[in-house]
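Structural overview
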Amino acid sequence: MSVNKVILVGNVGKDPEVRHLDNGVAVANFPLATSETYTAKNGEKVTTTEWHNIVLWRGLADVAEKYVTKGRQLYIEGRIRTRSYDDKDGNKRYTTEIYGDVMQMLGSASGNQQAGADNNSNVSQSPSNSPQVSQPDIEEPEGDEDLPF
């Protein structure tokens, strides 16, 4: 048995880039920053930030396109995936991404209004009145032929 589960709470680094593949499937990509603060031996507070590449498919991508903006705090639950591709010079590159299965908007970023999801049947309200979306058993397209990179 094995488990591939990631839970992140962090801030969106830039507005999501949403593409619609030839078959109409939506995919959203954006960076999410998580930070950790600790006190060094010399008493100085140190903050380290880790950047995660988030990938959302179908309904979650649609919700991200409408409601997720730079600075927004999100809860993301999903799985980690590493894939390879050839860059423009023919060099093999690797990228690690988090494929999100669950997304919940937390708080509100400065300048963001609370996302109202009354007209979106894919979003249910959690007790904190933040939209929560769950999308289990996502089937991604086979191969990289639909990806522009």
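Residues numbered from 1 in each chain as written. Predicted model: local features only at pLDDT ≥ 70, side-chain atom pairs only at ≥ 80, totals over all residues. Heavy atoms only, no water.

Things to note about the side chain of Glu97
Assignment of secondary structure puts Glu97 in strand β6 (residues 92–106). Within the structure, Glu97 has its side chain in polar contact with the side chain of Arg83 (distance 3.1 Å). With near-sequence residues (within four places) excluded, Glu97 lies in contact with Asn29, Asn53, Val55, Arg79, Ile80, Arg81 and Arg83. (Helix = DSSP H or I, 4+ residues; strand = E, 2+ residues; numbered from the N terminus. Polar contact = N/O pair within 3.5 Å; in protein donor to acceptor, adjacent residues only side chain to side chain. Contact = heavy atoms within 4.5 Å.)

Here we look at the pattern of salt bridges
Taken as a whole and assessed by the stated rule, the structure comprises six salt bridges. A salt bridge links Glu17 to Lys14, with the nearest nitrogen and oxygen atoms 3.0 Å apart. For Glu17, a relative accessible area of 47% translates into the label partly exposed. Given a relative accessible area of 39%, Lys14 falls into the partly exposed group. Arg79 is paired through a salt bridge with Asp101; the nearest N and O atoms lie 2.8 Å apart. With Arg79 in strand β5 (residues 73–86) and Asp101 in strand β6, this residue pair connects regions lying 22 residues apart in the sequence. In terms of burial, Arg79 and Asp101 fall into one category: buried. (Salt bridge = Lys/Arg side-chain N within 4 Å of Asp/Glu carboxyl O. Buried < 20%, exposed > 50% of the residue type's maximum accessible area, 1.4 Å probe, protein only.)

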